[in-house]
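Summary of structural features
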Amino acid sequence: MESPDIAQGPYDSSVNPSLERHVRELLALYEIGQAISSIQDLDRLLQLAIEKVTLLDIESASIILLDEERNELYFKVADDHRVGHEQRLREVRFPATKGIAGWVIRECKSEIVLDTDRDPRFYRDVDVHTGTKTRSIICAPLRTKDRILGVLEAINKRQGVFTTEDVRLLESFANQLALALENARLIQELQAARERLSEENRYLREAMAQTMQFETLVGEGPKMQDVYRLVELVLNTPATVLLTGESGTGKELIARVIHYQGPQAKGPFIAVNCAAIPETLLESELFGYERGAFTGATQRKPGRFELAAGGTLFLDEIADMSAVLQAKLLRVLQEKEFERVGGTETLKTDARIVAATNQNLEQLMEEGKFRVDLYYRLNVYPISLPPLRERQEDLGPLTMFFLKRYRQELKKEVLGISKEAMGLLERYTWPGNVRELENVIERAVILCRGTVVTPQELPSLREHLRAPVLSSDAFRLPPGGLVLSELEKELIRQALEQTHQNKSNAAKKLGLSRTQLRTRMRQYGLE
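Residues numbered from 1 in each chain as written. Predicted model: local features only at pLDDT ≥ 70, side-chain atom pairs only at ≥ 80, totals over all residues. Heavy atoms only, no water.

**Remarks on the packing of helix H14 (residues 395-410) against helix H16 (residues 433-447)**
Inclusion rule: With axes taken as lines fitted to C-alpha atoms, and helix axes fitted only over the stretch in contact, angles between N-to-C directions fall between 0 and 180 degrees. Only DSSP runs of H or I with at least four residues qualify as helices, and only runs of E with at least two residues qualify as strands; both kinds are numbered from the N terminus onward. Angular relationships are summarised with four words: roughly parallel below 35 degrees, roughly antiparallel beyond 145, roughly perpendicular across 65 to 115, and oblique for the angles in between. It is the rotation of the near helix from the far one that decides the hand of a crossing: anticlockwise by less than a right angle makes it left-handed, clockwise makes it right-handed. Any two residues whose heavy atoms approach within 4.5 Å at even a single point are treated as in contact. Residue type decides the class: Asp, Glu, Lys and Arg count as charged, Ala, Val, Leu, Ile, Met, Phe, Trp, Tyr, Cys and Pro as nonpolar, and the leftover types, Gly among them, as polar.
Put simply, H14 and H16 touch, their axes get as near as 9 Å, and they point 45° apart. Between H14 and H16, the angle is such that the two are oblique. Between H14 and H16 the crossing geometry is right-handed. Across the interface between the two elements, Leu-395, Leu-398, Thr-399, Phe-402, Leu-403, Arg-405, Tyr-406, Arg-407 and Leu-410 of H14 pack against Val-434, Leu-437, Glu-438, Ile-441, Glu-442, Val-445 and Ile-446 of H16. Among the residues forming the contact of H14 with H16, the class breakdown is 11 nonpolar, 1 polar and 4 charged.

In structure tokens form, the structure reads like this:
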């Protein structure tokens, strides 16, 4: 944008020179303001500003910035036509407490010096370094709302050449430059933050890729080996994958392995739980929306399909999706295209789809609750994950894996699990599968006061199995053994003896409620 020709007007400059200078000043300030909004290169912008300072009666001008870490001042930009002078200035650094510039920064106000020979604040080392002689100086602070960035300085080798009008003009330039410097600083910080986030994102992707490998999965039994073989075959294809299995069997973990070990690893992994988002919001979450699409849509928002571009979109609990959304999902799977809510533009997606459910989709189809055509689009490559009760051989390795994880996370020296406690784990049917096992072990590590998890730290399993908590060698069995009723009576008697007749503690040891314990005590005449 060209600056207006405000220098022309119905006046004679020879008659009114002060008005001509005022117009030139306004024009210079206008050009600097325009440059701030259009020039991205900070050095070029500062150089332009320095050139405009030549409206004053000066020999050279410079922008001196404050290095807060080193508490020093240095020349950022200098404008001087004497050979080598500018280069020599750029080599100069001096203490922030020295010179007229240091005083201006300290006092946070402009200063005019008409004769440096008479001012003890003047720092002569700069003249010595550059081989020049400075007699007059104007110095204005580069000030933002909460800090001083440096100073704008104009000098002359003649004394007494500057006026208070010159100070006012230099302050106007300084205010504009401070704004430009602050904007540049914020842009640099934003760029640095973006680069840092990009680097952290790259590092996390690499770390996740290392974590999500077959070697890190726990499960050596034949059923899990079958799952691994199926996963390995589909990794390098773009095929849609359908993961089925009970809740807690690790469907999302397998989905992440498929993503991070496949060609989509450099893209994002976006997970959506279709059951956790209300039906009225799920469409806009998946496909995004345009501004004004509904009340509260103040700006365009990309959906999960857009965010997953080049990566993987994991749709968990797919069976809970409404019939309307099932139809829209079918179109995405078939045509790889969709529209945002409230929009008309057709968008393409290259995201890989991995869906998961813990329900029987074939039964839902028969009941009319799931689209047949969508089922066959999703069921291109099904992988069924076995429940934990069908892979008992993996219970021990999984238990030790979670013990190690929570020992490190909770910083507790829990090194193992007793045979009796492991027996409880093996007798339990695990309706919540691996997720339930993880929660049980985490709680056990929290409760454990020693180095080994015992049945005492597994209260939920004891309550469910009604199992006694004392190990077999803790009971003094008479010669010849006992029948079952006599054994139960002996267990109760010894539990009461060990807890000093405290019925609450005895009930806890036996895995019974107080009511159950009192009933058995009456039954065996132990009251």
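**What about the sheet that holds strand E12 (residues 352-357)?**
Our working rule: Strands were regarded as paired on the criterion that DSSP finds at least two bridges between them.
Pairing is parallel across the open sheet formed by 5 strands, whose spatial order is E8-E9-E12-E7-E13. Since the sheet does not close on itself, it has two edges, and those belong to strand E8 (269-273) and strand E13 (381-384), each with one partner. Each adjacent strand pair in this sheet contributes to an overall mean axis angle of 20°, direction not counted. Bridge count for strand E7 (residues 241-244) against E13 is 4 bridges, and the pairing is parallel. Residue pairing in the sheet places Thr-244 in a bridge with Ser-384 of E13. Here helix H7 (residues 222-234) sits on the sheet in contact with E7, E12 and E13, set at roughly 155° to E13. Each of E7, E8, strand E9 (312-316) and E12 is contacted by helix H8 (residues 251-260), which is oriented at about 155° to E8, the strand it contacts most.

**Let's talk about the nonpolar core**
Note the threshold: For this analysis, a nonpolar core means a set of buried residues of the types Ala, Val, Leu, Ile, Met, Phe, Trp, Tyr and Cys, connected via side-chain atoms within 4.5 Å. For the exposure calls, accessible area comes from a 1.4 Å probe over protein chains only, and a residue counts as buried if that area is under 20% of its type's maximum, exposed if over 50%, partly exposed in between.
Judged by nonpolar contacts, the single largest core of 32 residues is most densely connected at Phe-305 and Leu-315. Residue assignment for this core shows that the elements contributing at least two residues are E8, helix H9 (279-287), E9, helix H11 (323-335), E12, helix H12 (361-366) and helix H13 (372-378). Setting aside residues up to four positions removed in sequence, Phe-305 forms contacts with Leu-286, Phe-287, Leu-313, Leu-329, Val-332, Phe-338, Thr-349, Ala-351 and Ile-353.

**Considerations on the confidence of the model for the chain**
Keep this limit in mind: For every residue, the pLDDT score states the predictor's confidence, bounded by 0 at the bottom and 100 at the top.
Of the residues in the chain, 81% reach a pLDDT of 70 or more, and the chain-wide mean stands at 82. A low-confidence stretch, residues 1-11 (pLDDT under 50), is modelled with 15 contacts involving residues beyond four sequence positions or located in other chains. The model gives residues 467-475 a pLDDT under 50, and that stretch makes 22 contacts with residues more than four places away or in other chains.

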